[in-house]
Each structure stands twice: as C-alpha cells, then as structure tokens.
Amino acid sequence: MSETPGISPLSADHQEPLRVVLAKLGFDGHDRGLKVVARTLRDAGMEVIYLGLRQTTDSIVAACEQEDADVIGLSMHNAGHLTLAPRMVQAVEEAGLGVPVVIGGIVPAEDVTVLIEAGVAVVLGPGASTEEVVAAVRAAVARQSPAR
Amino acid sequence: MNAPSLDELFESARTGNRRALGRLLTMVERQDDNAVLVSERAHRDAGQARVIGVTGAPGSGKSTITGRLAAVSGAARPAILAIDPSSPLTGGAILGDRIRMDNNVSSSTFIRSMATRGHAGGLAVAVPDAVRVLDAAGCNPIIVETVGVGQVEVTVAAAADTTVVVVTPGWGDAVQANKAGLLEVADVFVVNKADRPDAHGARRDLELMLDLGHRGDWRAPIVLTTATEGEGIDDLWSEIERHTSYLHHSGELIRRRCRRRRSEVTDRIELGLRDRALHIIDDQSGESTMVRVERHELSPAAAAEQLLATLIPDKPPEE
C-alpha cells in the first residue's frame, strides 16, 4: 500500500489522551470495581469509553473500532475469566485491532499465567493500587504499540 | 505494513469499514496538521447528510432519545456523535453515552464518543469536522448530542438542520423557559420522563413561552416521551420529519447551512488566532512581559496591548 506524504502512521503513536474501552463481558452484575477504575483512569487524564454491563465480544470490538480505542479493560467477577478472556483476545485478533486486553477483578493466582499465555496483557487483582492500574494500562499500550 | 493513505481510508470508511472511519475521526478530533487534510478531503464528498442536534440538561435522557431516534429513523447507516465534557483539571473524561444507546441501536449505527478536550473553542471546529467526515463516509442522518450547559455546547448542537431540546418535568417554570438561551435554539421540544408527575405542566410552560412569540413561521412542537420505554419516539421522529420538510420548502435549510458554513470559518479563525496568541505569550518577550505584570510594574491591559501588537499589525499589510 502506498502512503500519502504528510500522513503519519495513524494512531500508531498512541498520543495522549489514551482512549480506553471499559466493559464487563457476559453475565456479571458486579460493576462497582469497573466504575472505580473508570474514575481512576479519567483522573489520570485518559478518555474512558464506558460500556458497562452485559457486553459481548462483538459489541466490545465494534466500540473499539468506532472509538479508535488504544486499549480494552475488562472487569471479571463471575469466575468465567478462563472462558471469556481468551475469547476477547481472539476476537480482537480476528478483527485485526492490535489493542491490548487488560483484565481486572477476581482471578485466582493459578489462572493468571493461563490468561497471560492466552494473550491477555496484564491481570490486576483486588490489591492493585490506583497507581498500579494506571501504570499497567500505560505499559500495556506501550508494549503493544510497535505491532499496531 | 505501510499505513493506509487518506484516500484508502475514506474509501474503506465509505464501504462501511468502522475502523477506517474511527481512525479518520481521531485525526480530526486531534486537530493536528492531518486534520486539515482530512477535513479538505471530506469536504469533497460531504453535504448530503441530514444533521440533527440533541441537547438538554444532564440526566434529561438525551442519550436514550438519541439511540432511539437512530433506531426509528429507518436509515441504513445512521451515525451518532455523543459529546461529553473533559475534566478541566486532568483532561480525562468518562464517555458514558453508549451505555444508554447500545441496547436500542442496530449494529449499522456508528456511534462515536467525543470529549470536549480543554478549551471549548476547539469543539466548535472539531465537531463540524467530525460531522463532515461521517457525512463523507455516507452516514445519514447524523445525530449530534451535547450537554446543554455552556454556550459552546449549545451552539454546537444548534449548528444542525434540526435541533431537539430535551427537558423533564419539574425543570422550571415559564420564566426559566424564557431566560434559558437553550430554548431559543429549539426546533422541536421534548418533555422526556413523561411518566413522571407534572409532565403536562412542563408542556404547558413551554406552550406559554411559545405563545409569547417565536422566531420565523415555525412554532416548535412539543412532544412527550418516555424514552426508556420507547414511548413517544415515533411522534418525535415524525415532528423531526415535518421540520425537515419545512426546512426544504421554506428555503430555511439553505439559509441555515449558509450561516453554519460562515460561522465555521469565523470559529476556525478564532481558534487559529488563539493558538498564535498562546505562542506569543510562551515566547521569551512574552514571558518577560508577563513577569513585569506579576511584579505590578505593568498593567494587564497594557501588557495585552503590547503583546497583541506583535500579533496583529495595526494596518493590514499592503499588497
């Protein structure tokens, strides 16, 4: 493909403000944590596109495309992470989005490695401080950048 | 892989590629050097879409109504531009309009959330550009939703072919109705949450205000809706359709669009001057002038005059 002179590689630079899509995937009503994270990321200067409860991989991919998001944040409290998180990663790959998937919520320690191997960028547990959350999101985007 | 060219992006966006359209919108949203190229490229194909503005107080139900309108429009590719404020302190934003829309709209509806990003003057340029890009991509109608607080937000929503103003029962009496500038821009009024007490009182207050006079020969109709249930949305859409046909046969559509185009030029000049003004404050002589103001050696008025003089010559340059 040819490149028009003067057009920089689009969005590959991840300029601030970062745009973050936050959602709960599947049947899971515990959204307080997600709301706290939304506020945290906003206070760190990010633009949070808040999708809230009962999203599907399709609806999240559509939102990412339309919003030109830099990263997806999923909150999981229904013990479905081993099924749902890899599906999200797969949907992102199939759509060719090249955005990292960050997971927060209740994930047992032994499952974290499984999720990372499945392509999840980072898993944040209940003990993560707000600073850690912000740093993890930024780092996930920075790591992904060259691939985009 | 090389980045796609601008023409390729527009071509993909036109065929319904959400990602290409998303990228183009990011470029105009940033208002960087690329934005002008995108804006000019979009200008070639734009001018077809109907633009509907929806504004009103926070929590009045604008997003729910907007989502429902996109659904009842029956259009093949409607688009929604939902604008929310950025935090003036951190620059961050929570863009939460989609959660009120997703359940109602079809997958062919393109929804984009936009933050106001710092000074509101930028919005006056970024929004028309975003509308232009959506238009060039073949989206129609384009519904622009803004919070009805602040002059610029109201102006942005009012820069539409048809502007819908949403109020709720208990929002204020006829005096409030008259003093709020929000109401002067309405082509169609909605009293949403009409299942609440005194919805008819809210309608009566609006009628009283309209009885006192309205601009031109179009009197804004008032529609009662309960948007969460979808009630009244069909009526609202037919009033919007009626206004559209009024715009066409009265010649008002052309007048409005001419006005809109002119004011966008003014807004762009203001924004450009503002950027240049910030540059002269930031440079060395600007900084030393500012220091003298801080020390009370120079009045703010004199300082501003001095700095402005470096920006705009008193006499226009001779040809």
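Source: prediction; values computed, not measured. (Residues numbered from 1 in each chain as written. Chains lettered and ligands numbered in written order. Predicted model: local features only at pLDDT ≥ 70, side-chain atom pairs only at ≥ 80, totals over all residues.)

A.B. asks: Where do I start with the overall build of chain B in this structure?
C.D. replies: Assigned secondary structure in chain B consists of twelve helices and eight strands. In terms of C-alpha radius of gyration, chain B reaches 22 Å, essentially the compact-globule figure of 20 Å for 319 residues. Looking at chain B as a whole, 43% of its 319 residues are labelled buried. For chain B, the share of sequence-separated contacts (at least 6 apart) that also reach a separation of at least 24 residues comes to 74%. (Helix = DSSP H or I, 4+ residues; strand = E, 2+ residues; numbered from the N terminus. Rg over C-alpha atoms; globule rule 2.2 N^0.38 Å. Buried ≥ 20, exposed ≤ 12 C-beta atoms within 10 Å, placed from the backbone. Contact = placed C-beta atoms within 7 Å.)

A.B. asks: Would you mind showing me how to read the sheet that holds strand β2 (residues 47-55) of chain A here?
C.D. replies: Strand pairing in a sheet takes place through backbone hydrogen bonds and is either antiparallel or parallel in direction. What the six strands build is an open sheet, ordered β5(A)-β4(A)-β3(A)-β1(A)-β2(A)-β3(B); its pairing is parallel. A strand with exactly one partner marks an edge of an open sheet, and here the two such strands are β5 (122-124) of chain A together with β3 (93-95) of chain B. Each neighbouring strand pair of the sheet contributes to a mean axis angle of 25 degrees, computed without reference to strand direction. Of the strand pairs in this sheet, strand β4 (residues 101-105) of chain A and β5(A) are connected by three bridges, and their pairing is parallel. Paired with A:Val102 across the strands is A:Val122, a residue of β5(A). Packed onto the sheet, helix α1 (residues 32-43) of chain A meets β1 (19-25), β2, β3 (71-76) and β4 of chain A together with β3 of chain B and runs at close to 175 degrees relative to β1(A). In this fold helix α5 (residues 130-144) of chain A packs onto β1, β3, β4 and β5 of chain A, with an angle of close to 170 degrees to the strand it touches most, β5(A). (Pairing = 2+ DSSP bridges. Axes fitted to C-alpha atoms, helices over the stretch in contact; angles between N-to-C directions.)

A.B. asks: Looking at this model, I keep getting lost on the sheet that holds strand β7 (residues 188-191) of chain B. Mind explaining?
C.D. replies: Residues and elements named next belong to chain B. Here we have seven strands laid out as an open sheet, ordered β4-β2-β5-β1-β6-β7-β8, and parallel in their pairing. Edge positions in the sheet fall to β4 (110-115) and β8 (222-224), since each of these pairs with one other strand and no more. On average, each strand axis in the sheet is inclined to that of its neighbour by 20 degrees, with strand direction left out of account. Its contacts with the sheet put helix α4 (residues 62-72) on β1 (51-56), β2 (79-84), β5 (142-147), β6 (162-167) and β7, and the angle it makes with β5 is roughly 175 degrees.

A.B. asks: Explain the interface of chain B and chain A here, please?
C.D. replies: In many analyses, interface size is given as the accessible surface area lost on bringing the parts together. Contacts between the two partners involve 33 residues from chain B and, on the opposite side, 32 residues from chain A. Looking at the side of chain B that touches chain A, the elements that each hand over two or more residues are α1 (6-14), α2 (18-30), α3 (33-45), β3 and β4 of chain B. The leading source of residues in the side of chain B that touches chain A is α2(B), at eight residues. Each residue belonging to the side of chain B that touches chain A can be placed in one class, and the counts come to 13 nonpolar, twelve polar and eight charged. Across three bridges, β2(A) lies against β3(B) in parallel orientation. (Nonpolar A, V, L, I, M, F, W, Y, C, P; charged D, E, K, R; others polar.)

A.B. asks: Is there a simple way to explain the pairing of β4(B) in this structure?
C.D. replies: Every other side chain in a regular strand lies on the same face of the sheet, so the side chains alternate between the two faces. All names here are of chain B. Counted residue by residue, β4 has six buried out of six residues, so it is predominantly covered. With burial as the criterion, each face of β4 is covered, one bearing Phe110, Arg112 and Met114 and the other bearing Ile111, Ser113 and Ala115. Summarising the sheet, β2 and β4 pair through six bridges and their orientation is parallel. Paired with Leu81 across the bridge in β4 is Arg112.

A.B. asks: Would you mind going over the environment of A:Ile103 with me for this structure?
C.D. replies: Residues and elements named next belong to chain A. By secondary structure assignment, the location of Ile103 is in strand β4. Looking at Ile103, the number of C-beta atoms within 10 Å reads 26, which means it is buried. In sequence terms Ile103 and Met76 are 27 residues apart; their C-alpha atoms lie 7.2 Å from each other. Beyond its immediate sequence surroundings of up to four residues, Ile103 is in contact with Leu74, Met76, His81, Ala85, Leu115, Val120, Val123 and Leu124.

A.B. asks: What exactly am I supposed to notice about helix α9 (residues 233-250) of chain B here?
C.D. replies: Since the α-helix packs 3.6 residues into each turn, any two residues three or four apart lie on the same face. All names here are of chain B. For α9, which comprises 18 residues, the first-to-last C-alpha distance of 25 Å matches the rise-based estimate of 26 Å (1.5 Å per residue) to within 8%. When we look at burial in α9, the residues that qualify are Ile233, Leu236, Glu239, Ile240, His243 and Leu247. Along the axis of α9, the buried positions cluster into a sector of 120 degrees, meaning they face one direction only. α9 presents Ser245, His248 and His249 as exposed residues on the side facing more than 90 degrees away from its buried surface. (Expected span 1.5 Å × (residues − 1). Arc of directions from axis to C-beta.)

A.B. asks: Can you walk me through the pairing of β1(B) in this structure?
C.D. replies: Residue and element names in this part refer to chain B. For β1, the tally of buried residues reaches six of six residues, placing the bulk of the element in the interior. The side-chain alternation of β1 yields two buried faces, one formed by Val51, Gly53 and Thr55 and the other by Ile52, Val54 and Gly56. In the sheet, β1 pairs with β6 via five bridges, with the strands oriented parallel. If you follow Gly56 over to β6, its bridge partner there is Val166.

A.B. asks: For this particular structure, what's the right way to read the packing of α4(B) against α9(B)?
C.D. replies: A packed helix pair is summarised by two numbers, namely the angle formed by the two axes and the spacing between the axes. Residues and elements named next belong to chain B. Interhelical geometry of α4 versus α9 gives an angle of 70 degrees and a closest axis separation of 10 Å. Taken together, the axes of α4 and α9 are roughly perpendicular relative to one another. Residues Arg68, Leu69 and Val72 of α4 pack against Ile233, Asp234, Leu236 and Trp237 of α9. Partitioning the contact of α4 with α9 into residue classes produces five nonpolar, no polar and two charged. (Parallel < 35°, antiparallel > 145°, perpendicular 65-115°, else oblique.)

A.B. asks: What should I look at first to understand the domain arrangement of chain B in this one?
C.D. replies: Residue and element names in this part refer to chain B. Its domain assignment divides chain B into domain 1 (6-250) and domain 2 (267-311). Computed from C-alpha atoms alone, the centre-to-centre distance between domain 1 and domain 2 is 37 Å. Listed by partner, the interface residues are four residues for domain 1 and five residues for domain 2. Of the residues contributing to the side of domain 1 that touches domain 2, the split by class is two nonpolar, two polar and no charged. (Domains from an automatic or database assignment.)

A.B. asks: When you look at unusual backbone geometry in this model, what are you seeing that I'm missing?
C.D. replies: Negative phi characterises most residues that are not glycine, and trans characterises most peptide bonds. Residue and element names in this part refer to chain B. Of note, the amide linkage connecting Asn140 to Pro141 takes the cis form, showing an omega dihedral of 0 degrees. Here Pro141 lies in the loop between α5 (120-136) and β5. If you check the backbone angles, Asp198 has positive phi at about 70 degrees while not being a glycine. With respect to the helices, strands and loops of the structure, Asp198 is situated in the loop between β7 and α8 (199-211).

A.B. asks: How should the environment of B:Val51 be read in this particular structure?
C.D. replies: All names here are of chain B. Within the secondary structure layout, Val51 lies in strand β1. Note: C-alpha distance between Val51 and Thr163 (112 residues apart in sequence) is 8.7 Å. Not counting residues within four places of it along the chain, the set of residues in contact with Val51 comprises Val131, Ile142, Val144, Ala160 and Asp161.

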